[in-house]
Amino acid sequence: MRPHPVRRRAGYIFIMMYGVDSDWVKSISAAGTARLTIDDEEIALVSPRLVSRDVAWQQMAAATKEPPKFLRVTEFLQMDSLS
């Protein structure tokens, strides 16, 4: 499974299936920026930060499905878009 980005008003929240200790989360946190490509559109993201489940779900659309409980996802990566 790969991380699942969910659009929010000012950026994206990533549902992290592998947890906060995965290499990609550490790399993005250290760099402070990332680029997300969706349908050939590249989106510049900044200010990576971990947020709790409650904070994340308050910002997501009601139709967004929660990850399966057995994955025990408790933190999410939130980033802001530059544009």
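Residues numbered from 1 in each chain as written. Predicted model: local features only at pLDDT ≥ 70, side-chain atom pairs only at ≥ 80, totals over all residues. Heavy atoms only, no water.

Student: Would you explain the pattern of salt bridges in this entry?
Tutor: Two side chains with opposite charge may pair up if their charged atoms get near one another. Considering all chains together, one arrives at two salt bridges under this definition. Note that Arg 35 and Glu 42 form a salt bridge whose closest N and O atoms lie 3.5 Å from each other. No difference in accessibility class separates Arg 35 from Glu 42, as the two residues are exposed. Asp 80 is the salt-bridge partner of Arg 49, the closest N and O atoms lying 2.9 Å from each other. With Arg 49 in strand E4 (residues 41-52) and Asp 80 in strand E5 (residues 75-81), this pair connects stretches of sequence that are 31 residues apart. Here Asp 80 falls in the partly exposed class, since its relative accessible area comes to 21%. (Salt bridge = Lys/Arg side-chain N within 4 Å of Asp/Glu carboxyl O. Buried < 20%, exposed > 50% of the residue type's maximum accessible area, 1.4 Å probe, protein only. Helix = DSSP H or I, 4+ residues; strand = E, 2+ residues; numbered from the N terminus.)

Student: Sorry, what's going on with the environment of Leu 82 here?
Tutor: With respect to the helices and strands, the residue Leu 82 is situated in the segment after E5. Each C-alpha atom of the pair Leu 82 and Ala 44 lies 5.7 Å from the other, and the pair is 38 residues apart in sequence.

Student: Sorry if this is basic, but what is going on with the nonpolar core here?
Tutor: Looking at soluble globular proteins, one finds that nonpolar side chains tend to be buried together. Of all hydrophobic cores here, the largest spans eleven residues; its members are Tyr 12, Phe 14, Met 16, Val 25, Ile 28, Ala 34, Leu 36, Ile 43, Leu 45, Leu 77 and Met 79. Listing elements by their share of this core, those giving two or more residues are strand E2 (11-15), helix H1 (23-31), strand E3 (33-38), E4 and E5. In this view, Ile 28 contacts Thr 33, Ala 34, Pro 48, Leu 77 and Met 79; residues no more than four positions away in its chain are not counted. With ten residues, the next largest nonpolar core counts Val 6, Met 17, Val 51 and Phe 76 among its residues. (Core = buried A, V, L, I, M, F, W, Y, C linked by side-chain atoms within 4.5 Å. Contact = heavy atoms within 4.5 Å.)

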